[in-house]
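# Notes for the structure review
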Amino acid sequence: MTEDKMLRSERLHMMGYEPPDTSDWVTGQHPMDDLLRGERLPHIWCQGCGLGTALTTFISALQWLEENRGLELDKVAVVSGIGCTGRIAGYIRLDSFHTTHGRAIPFATGLKLANPELKVVVISGDGDIAGIGGNHFIHAARRNLDITVICVNNFNYGMTGGQVGPTTPHEARAVTTQYGNFEYPFNLPYLAAASGASFVARWTVLHARRLEWSLREAMEHPGFSFVEVIAPCSTAYARWNPEGRGLDPESLRRRGLEVLKYYQQVGRIAHETHPKDAAVQVDHKGLLTEIIEGKFLDDPKPDLQEAIDHLASVGEARWLAAKKALDGRPKIAKRTDYVPRTEVQLGGFGGQGIISAGMIIGQAAAIYDGLEASFTQSYGPEARGGSAGSQVVISSEPIHHPHIIQPASAIIMSQGAYAKYAPILAPGGMLLIDDGLVTLADDHRRDVATYGLPATQIAEGLGNSRAANTVMLGFWTGALGVVSQEAMRQSVAESVPTKTLEVNMHAFDTGFQQGLEIAGQS
Amino acid sequence: MMSNDKGYLTGEHFMLGDHAAAEGALLAGCRFFAGYPITPATEIAERMSVRLPQIGGVYIQMEDELASMNAILGASWAGVKSMTATSGPGFSLMMENLGLGIMLETPCVLVNVQRGGPSTGLPTLVGQQDMMQARWGSHGDYEIIALVPTSPQELFDLTIRAFNLSEKYRTPVLVMTDAEIGHMTEKVIIPPPEEIELVTRPEVRRGDVAPDHFRIFRDGDGNGYVSPMARAGQGFRIHVTGLTHDERGYPGMNAETQEWNVRRLITKIRAHRDDIIQVEEKNLEDAEVVVVSYGISARTSLWPIELARREGIRVGYLRLITVWPFPEDRIRALAKQVRAFVVPEINMGQIVREVERCAAGQAEVFGANKPGGDILEPEQVLDVIRRAAGQTTQVQET
Amino acid sequence: MTYWRQPLDRERIQVPHGIVHIIEERCKGCGFCVEFCPQHVLVMSKRTNSKGYHPPELIDESKCVNCGLCALLCPDFAVYVENGGPHSPDRVEPVHRIRVT
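Residues numbered from 1 in each chain as written. Chains lettered and ligands numbered in written order. Predicted model: local features only at pLDDT ≥ 70, side-chain atom pairs only at ≥ 80, totals over all residues.

### Observations concerning the overall build of chain A
- Counting its regular elements, chain A contains 18 helices and 15 strands.
- Computed over the C-alpha atoms, the radius of gyration of chain A is 36 Å, more than 25% above the 24 Å expected from 2.2 N^0.38 for a compact globule of 522 residues.
- Dimensions of chain A, computed from C-alpha atoms along their principal axes, come out at roughly 110 × 60 × 50 Å.
- Restricting to contacts in chain A with at least 6 residues of sequence separation, those with at least 24 account for 65%. (Helix = DSSP H or I, 4+ residues; strand = E, 2+ residues; numbered from the N terminus. Rg over C-alpha atoms; globule rule 2.2 N^0.38 Å. Contact = placed C-beta atoms within 7 Å.)

Encoded structure:
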């Protein structure tokens, strides 16, 4: 038959594409079929792959929980990553999410936190969970997030052909460690336990019944439960390593079986083994010599949701307090006169409240005087001691350029700020300094009106040196008259801690009086 | 100024841009935030961490930006409106999973408070250098919606609009603001919640359709149809995957499914451009030069435009509120009438390429550029306007 | 070795019994069920299914004790066991111990 005569679907089939609806799987024949997506089966896993068994044990556990513990299967969500194990999400008939490589756990975190009623299970492979997803794995364990993570460990990246992974035993061979793996693997139960998991178990797929019981327990366990499932990778890992080789030629075709028989020999059930002793043992050639199985840790502790709920109750109390403060704001009449674009530069060192001072001006102008105001700040990463600068632009019109170009006034409280900002003042502008801290240069500009008052000293005298910036604000308000006194006083009152309210209002008024005197003079 | 019982701060505030974004999100119904600290977006996370527990939402700080992006997708699939916020370096990390969000057709909002780049760059200073990345940053073919505000007030408003668009079109939406606006404090008016129009995703309810007949990506009329969404736990036993998939959500590893899938994602946005695209126009009727800009650069070009008008140059103003999808039709139409476009931006020329493409040689296109760290000076933009108008100038372009 | 007489309470011994069902078309011939059945009830057949694999077949269905391990181990959902109801055995014989190496 020539190509063009062939149907497209037949051509695709010949090329090996997964035919969407033309599989030979007849559904409804097996008791587990109602939890499988028959329209997507048979699955892609190889003959002898342990994943099919992992899936049957998982489904079996779910069915048992449904019948005996009232688990609502509609509420179960399965999240997986990329890889052969990740394909489980596509075959199971539950709400399932096949996400990106390594990111199943954060996706599951979002699902669970947004709807705590969901039972969220992450099923993914060793490379997905411990390699690219390692960071998410340890953090979810740390949080004791109430999810179950089932990590099917076949010691390599199977889907891509059998490359070495974070659980490949030392000296074992893989496609990218053909001379033997020179790295050392994770001890996954130890990693999980050390990160804070409260339930840790490991089984091989051979011990399917025990595994199923463990999965039941893990899913019922409140908090982060981790089950490592050791499974054969018949096409990749088992072809590169001795476990997959039995004695008769027939066994070379059934490597998965040979590996399972090997697990029977080297598997040792020892519950409550300390996770640090649970590493998979190998000989000097990378051949497995012992796999310890069992439930290693079962230590319920408060899970993340409990902690979040508690936090929410604290938050609600705080909201009520904030609401009270907001509702108590007075109404002040807005200004009707026209204020042209006015720029104010503030400067000092960190800790003097330069940022707060600028905010206070901006808030007074915008909220109480009904003007437009734009406030920006500049600072280094230091919290104290470094320089601090803030800028306010005030206008009756919308402010197009929110930065200072040539400020008409500046409030300067440190020598460094003086050196930096005095040069940029507009000619004819006004420079207000704390003259206890700032000494004018010999060649100080003549074209700006400079006034000083010992703000820090005054504030100390009033009882709190930190009110120095408020003194300067009062000074500025009185001297320039750009923002109204009432607006500024209200803005100061709202911005300072309640304990310092009185001293700050005194400070403002003191500065204001001085400012008025200057305004009277000029 | 009155608060209300729902936990919203109705009234007038002198508010930091980042905080305005957070408040906008809350009013839009966002009840899940997952993020990672990064200057200059950290204040959004801080505000959300304080406010969300107050109104019954969840804040979680994830271990990195990749986790943050995925967590908000998960929350959205649990039926909760969700958001994350970041800046350049985190934006890069979120790219793969932004693609996942687009592929899974998941509503969510991603705020990028842009800073100077590349790499660690200038954490505390402004940039607009991620504009192309917003469109092309994730691999594969897709369309994206990106909104760009010019003030804290607009950041508040556009965050709400971003949620509405993301819910309406079942897609992640970007709010591309910058360090200048994010860290600027200005007046923000928060209206009472009754006055705000909110959109929630089209959802299917139990009983509307049998679970095995439900199609999570139903094709509908094929012309950009937005398919109703189910959430985890509703009983529809949905399956979604980042692999190329069909209407059922099942992977289809062939060219046919890819054709259907990719065209669907693209048509969904393109077919609704008229609804999505917003621009602000001033003085275009007699314009010989049009300044095309967005974000803080649009705002700071208003003054140079005024100065240019005083010099007799007939300058118009076109502000892109939606940068993606790009308002191609508007530029194409204008290119036929005007002499030149001027595109001021705080980067080495990104959106200017789109303007050039659409102008297709029918008008000249000039950029006014600064690679980050500060907003554009009026003189610099004025100079380019003069050049665009055909005047010689003293300042050389570097 | 055989018992010199049958136990007096033989009728009270209830041994579970299972009926094994094999969905031959699904089988991929991995051999798990054959190898690990504790009662050695299954062998690989000589037949092949349409995929070319040898599905298992029962050699002595009376010996199946409904443990369900074959169904649980089968990676391809090709085996399941139906509960055949417990019965008392006609004769009780000692079971040969399986040697573990």
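That was the structure; now back to the text.
### As for the overall build of chain B
- Within chain B, the secondary structure is distributed over 14 helices and 16 strands.
- For a compact globule of 398 residues, the expected C-alpha radius of gyration is about 21 Å, and chain B comes in at 22 Å, within 12% of that figure.
- With respect to the three principal axes, the spread of C-alpha positions in chain B is 70 × 50 × 40 Å.
- Considering chain B as a whole, with its 398 residues, one finds that 60% of them fall into the buried category.
- Within chain B, contacts between residues separated by at least 24 positions form 77% of all contacts whose residues are at least 6 apart in sequence. (Buried ≥ 20, exposed ≤ 12 C-beta atoms within 10 Å, placed from the backbone.)

### Observations regarding the interface of chain C and chain A
- Counting from both sides, the interface comprises 18 residues of chain C and, opposite them, 26 residues of chain A.
- Elements represented by at least two residues in the side of chain C that touches chain A include exactly α1 (32-36) and α2 (69-73) of chain C.
- Looking at the side of chain C that touches chain A, the element that brings in the most residues is α2 of chain C, giving three residues.
- Its residues assigned to classes, the side of chain C that touches chain A comprises 10 nonpolar, three polar and five charged. (Nonpolar A, V, L, I, M, F, W, Y, C, P; charged D, E, K, R; others polar.)

### Some points on the domain arrangement of chain A
- The domains assigned to chain A are domain 1 (45-301) and domain 2 (339-521).
- Placing a centre on the C-alpha atoms of domain 1 of chain A and another on those of domain 2 of chain A gives a separation of 63 Å. (Domains from an automatic or database assignment.)

### As for the sheet that holds strand β11 (residues 279-282) of chain B
All names here are of chain B.
- The strand order β11-β13-β12-β15-β16 describes an open sheet built from five strands, whose pairing is mixed. Looking at the sheet topology across the chains shown, the edges are occupied by β11 and β16 (364-369). The mean angle between the axes of side-by-side strands here comes to 20°, regardless of whether they run parallel or antiparallel.
- When strand β12 (residues 289-293) meets strand β15 (residues 340-345), the two strands line up parallel, connected through three bridges. Within β15, the position partnered with V290 by the bridge is F341.
- Against the sheet, helix α11 (residues 302-310) contacts β12 and β13 (315-320), and its axis sits at roughly 165° relative to β13.
- Contacts between helix α13 (residues 351-359) and the sheet are confined to β12, β15 and β16, with β15 contributing the most and set at about 165° to the helix. (Pairing = 2+ DSSP bridges. Axes fitted to C-alpha atoms, helices over the stretch in contact; angles between N-to-C directions.)

### As for the interface of chain A and chain B
- With 58 residues of chain A in contact, the opposing surface of chain B contributes 60 residues.
- Broken down by secondary-structure element, the contributors of at least two residues to the side of chain A that touches chain B are α3 (88-91), β2 (95-98), α4 (104-114), α6 (134-143), α12 (304-327), α13 (354-368) and β11 (372-379) of chain A.
- For the side of chain A that touches chain B, the leading source of residues is α12 of chain A, giving 10 residues.
- Of the residues that constitute the side of chain A that touches chain B, the class distribution is 25 nonpolar, 19 polar and 14 charged.
- The pairing of β2 of chain A with strand β10 (residues 239-241) of chain B spans three bridges and is classified as parallel. Its bridge partner being in β10 of chain B, F97 of chain A is matched across the sheet by V240 of chain B.

### Some thoughts on the domain arrangement of chain B
Residues and elements named next belong to chain B.
- Here the domain parsing of chain B yields domain 1 (11-195) and domain 2 (280-388).
- Inter-centroid distance (C-alpha atoms) of domain 1 to domain 2 is 26 Å.
- Between domain 1 and domain 2, the contact holds 26 residues from the first and 21 residues from the second.
- Of all elements in the fold, only β6 (122-126), α5 (131-136), β7 (145-147), β8 (172-178) and α7 (179-182) reach the threshold of two or more residues within the side of domain 1 that touches domain 2.
- With four residues, α5 is the largest single contributor of residues to the side of domain 1 that touches domain 2.
- Looking at the side of domain 1 that touches domain 2, its residues break down into 14 nonpolar, eight polar and four charged.

### Quick notes on the packing of helix α17 (residues 485-495) of chain A against helix α18 (residues 501-521) of chain A
All names here are of chain A.
- Two numbers describe how α17 lies on α18: the axes approach to 10 Å, and their chain directions differ by 150°. In terms of their interaxial angle, α17 and α18 are classed as roughly antiparallel. Two packed elements cross with a definite hand, and for α17 against α18 that hand is right-handed. Here Q485, R489, V492 and A493 of α17 lie close against α18, whose contacting residues are L501, N504, M505, F508 and F512. (Parallel < 35°, antiparallel > 145°, perpendicular 65-115°, else oblique. Left-handed = near helix turned anticlockwise from the far one by under 90°.)

### Let's talk about the pairing of β13 of chain B
All names here are of chain B.
- Summarising burial for β13: five of the six residues are buried, a large majority.
- In terms of strand pairing, β11 meets β13 through four bridges, oriented antiparallel. The residue bridging V279 from the neighbouring strand is L320, located in β13.
- With five bridges connecting them, β12 and β13 associate as parallel partners. Each residue of the ladder has a partner; that of V292, found in β13, is L318.

### Considering the packing of α6 of chain A against helix α7 (residues 188-195) of chain A
Residues and elements named next belong to chain A.
- Direction vectors running N to C along α6 and α7 enclose 45°, while the axes themselves pass 7 Å from each other. It follows that α6 is oblique to α7 by the angle criterion. The residues of α7 that touch α6, namely those facing I138, A141 and R142, are L191, A192 and S195.
- When its residues are assigned to classes, the contact of α6 with α7 shows four nonpolar, one polar and one charged.

### Digging into the environment of E195 of chain B
- With respect to the helices and strands, E195 of chain B occurs in the loop between β9 (185-190) and β10.
- Take E195 of chain B: there are 7 C-beta atoms within 10 Å of it, and that puts it in the exposed class.

### Structural notes on unusual backbone geometry
- Between L41 of chain A and the following residue, P42 of chain A, the backbone shows a cis peptide bond with an omega angle of 5°.
- Here P42 of chain A lies in the loop between α1 (8-14) and α2 (51-69).
- With an omega of -5°, the peptide bond between W324 of chain B and P325 of chain B qualifies as cis.
- With respect to the helices and strands, P325 of chain B occurs in the loop between β14 (322-324) and α12 (328-337).

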